[in-house]
Amino acid sequence: MNNTDIISKTITFVKNKLDDAEGGHDWFHIERVYKNAMLIAQNEVCDLTIVKLGALLHDIADSKFNGGDESVGPRTARTFLELENVEQATIDHVVKIIENISYKGGKVERTFSSLELDIVQDADRLDALGAIGIARTFNYGGFKNRALYDPKIAPNTKMTKEEYKNNEAPTLNHFYEKLLLLKDKMNTESGKLIAKERHRYMEGFLCQFYAEWDGEK
């Protein structure tokens, strides 16, 4: 099977798999991450097939929607790629990307490193920033029936991985517990430049939010 065929089949597989997914983790999220990855990859010497497959399959079964089980996503991706007779080295690399891409509270070190992982991780993190990042954050907060904001509940930036996974704080806290920290965790130069602009946009949103909350505007 040539590279074009496997990418096309993967797109079809992911679209079908995420047909009824929550709005911030649906096919359109995957598509945006894919586009981000292609944008970043333009400036890197990398294996484009692995970047494409990693971007397309990185959220095929997010642990948040599978009882916290982090093995479902990698296992689902491996089974699909094996059925499509993708070479084993490529499968192993893509699975390692899926296993290591998640933020997990920012306290967990990656157990694998590659340029392709750097690219896909940056692409995924960019979709958590800027206007799209704001929209996704409040969409997920609504999905979980969380308060928008509660001045009495301070953000916790020192959560363990388990605390982060089980966190039920107001949606606005997530900006401080993850989103505003991503700018300084980007891997590639292209990712860093894009993240800087999207970070600035979110800071402006937060200033406006607090002004409106306090009846100043």
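Residues numbered from 1 in each chain as written. Predicted model: local features only at pLDDT ≥ 70, side-chain atom pairs only at ≥ 80, totals over all residues. Heavy atoms only, no water.

> What is the right way to read the overall build of the protein from this model?
Counting secondary structure elements, the protein contains 10 helices and zero strands. Secondary structure elements of the protein occur, N-terminal to C-terminal, as α-α-α-α-α-α-α-α-α-α. Over its C-alpha trace the protein gives a radius of gyration of 18 Å, about what one expects of a compact globule, namely 17 Å for 217 residues. Projected onto its principal axes, the C-alpha coordinates of the protein cover approximately 60 × 35 × 30 Å. Long-range contacts, defined as pairs at least 24 residues apart, comprise 65% of the intrachain contacts of the protein with a sequence gap of at least 6. Accessible area of the protein: about 11,300 Å², with a carbon and sulfur share of 49%. (Helix = DSSP H or I, 4+ residues; strand = E, 2+ residues; numbered from the N terminus. Rg over C-alpha atoms; globule rule 2.2 N^0.38 Å. Contact = heavy atoms within 4.5 Å. Areas by Shrake-Rupley, 256 points an atom, 1.4 Å probe, with all protein chains shown as cover.)

> Hey, could you run me through helix α7 (residues 130–143) in this one?
Along an α-helix, a turn takes 3.6 residues, which lines up residues three or four apart on a common side. For α7, spanning 14 residues, the distance from its first C-alpha to its last is 20 Å, which sits close to the expected 20 Å at 1.5 Å a residue. Within the span of α7, buried status applies to Gly130, Gly133, Ile134, Arg136, Thr137, Tyr140 and Gly141. Projection of α7 onto a plane perpendicular to its axis shows the buried side chains occupying an angular sector of 165°, all on one side. On the buried face of α7, the contacting elements are α2 (27–41), α9 (173–177) and α10 (189–213). Backbone geometry just after α7 places Asn145 at a positive phi near 60°. (Expected span 1.5 Å × (residues − 1). Buried < 20%, exposed > 50% of the residue type's maximum accessible area, 1.4 Å probe, protein only. Arc of directions from axis to C-beta.)

> What exactly am I supposed to notice about the packing of helix α1 (residues 3–17) against α2 here?
Packed helix pairs are characterised by how far apart their axes lie and by the angle those axes make with each other. α2 packs onto α1 with a crossing angle of 145° between their chain directions and a minimal axis gap of 9 Å. Our pair here, α1 against α2, has a crossing hand that is right-handed. Residue-level inspection shows Ile7, Ile11, Val14 and Lys15 of α1 in contact with α2, the latter providing Trp27, Ile30 and Tyr34. A class-by-class count of the residues in the contact of α1 with α2 yields six nonpolar, no polar and one charged. (Axes fitted to C-alpha atoms, helices over the stretch in contact; angles between N-to-C directions. Left-handed = near helix turned anticlockwise from the far one by under 90°. Nonpolar A, V, L, I, M, F, W, Y, C, P; charged D, E, K, R; others polar.)

> I keep staring at helix α5 (residues 88–100) and nothing clicks. Help me out?
For α5, with 13 residues, the first-to-last C-alpha span of 18 Å sits near the 18 Å given by 1.5 Å per residue. For α5, the set of buried residues is Thr90, Ile91, His93, Val94, Val95, Ile97, Ile98 and Asn100. Considering only its buried residues, α5 is in contact with α3 (48–57), α4 (72–83) and α6 (115–126).

> Explanation requested: the environment of Ala21 in the structure shown.
For Ala21, the location among the structural elements is in the loop between α1 and α2. Sequence-wise, Ala21 and Tyr140 are 119 residues apart; in three dimensions their C-alpha atoms are separated by 11 Å.

> Would you take a moment to explain the nonpolar core for this structure?
Nonpolar side chains tend toward joint burial in soluble globular proteins. Among the nonpolar cores identified, the biggest contains 52 residues, and Val14, Ala37, Leu57, Leu81, Val94, Phe175 and Met202 are the most heavily contacted of them. Elements supplying a minimum of two residues to this core: α1, α2, α3, α4, α5, α6 and α10. At eight residues, α2 tops the list of elements feeding residues into this core. (Core = buried A, V, L, I, M, F, W, Y, C linked by side-chain atoms within 4.5 Å.)

> Is there a simple way to explain the packing of α5 against α6 in this structure?
Running from N to C, α5 and α6 cross one another at 45°; their axes reach a closest spacing of 10 Å. With respect to their mutual orientation, α5 and α6 come out oblique. As α5 packs across α6, the resulting crossing turns out to be right-handed. Each of His93, Ile97 and Asn100 in α5 lies in contact with α6, whose residues at this interface are Glu116, Leu117, Val120 and Gln121. Its residues assigned to classes, the contact of α5 with α6 comprises three nonpolar, three polar and one charged. (Parallel < 35°, antiparallel > 145°, perpendicular 65-115°, else oblique.)

> I keep staring at the pattern of salt bridges and nothing clicks. Help me out?
If the charged atoms of two oppositely charged side chains come close together, the side chains can form a pair. Applying the stated criterion across every chain, the model contains eight salt bridges. One salt bridge in this structure joins Glu84 and Lys9, with 3.4 Å as the shortest N-O distance. In this pair, Glu84 sits in the loop between α4 and α5 while Lys9 sits in helix α1, placing the two residues 75 residues apart along the sequence. Measuring nitrogen to oxygen at the nearest pair gives 3.4 Å for the salt bridge that ties Lys192 to Glu189. Separated by three residues within a single helix, Lys192 and Glu189 lie in helix α10, roughly one turn from each other. By relative accessible area, Glu189 is classed as exposed at 55%. Here the salt bridges share partners, and the residues they tie into one network are Arg32, Asp127 and Arg136. (Salt bridge = Lys/Arg side-chain N within 4 Å of Asp/Glu carboxyl O.)

> Just checking my understanding: could you explain the side chain of Arg136 for this structure?
By secondary structure assignment, the location of Arg136 is in helix α7. Polar contacts involving the side chain of Arg136 include one to the main-chain carbonyl oxygen of Asp127, which spans 3.1 Å. Setting aside residues up to four positions removed in sequence, Arg136 forms contacts with Gly24, His25, His29, Arg32, Asp127 and Ala128. (Polar contact = N/O pair within 3.5 Å; in protein donor to acceptor, adjacent residues only side chain to side chain.)

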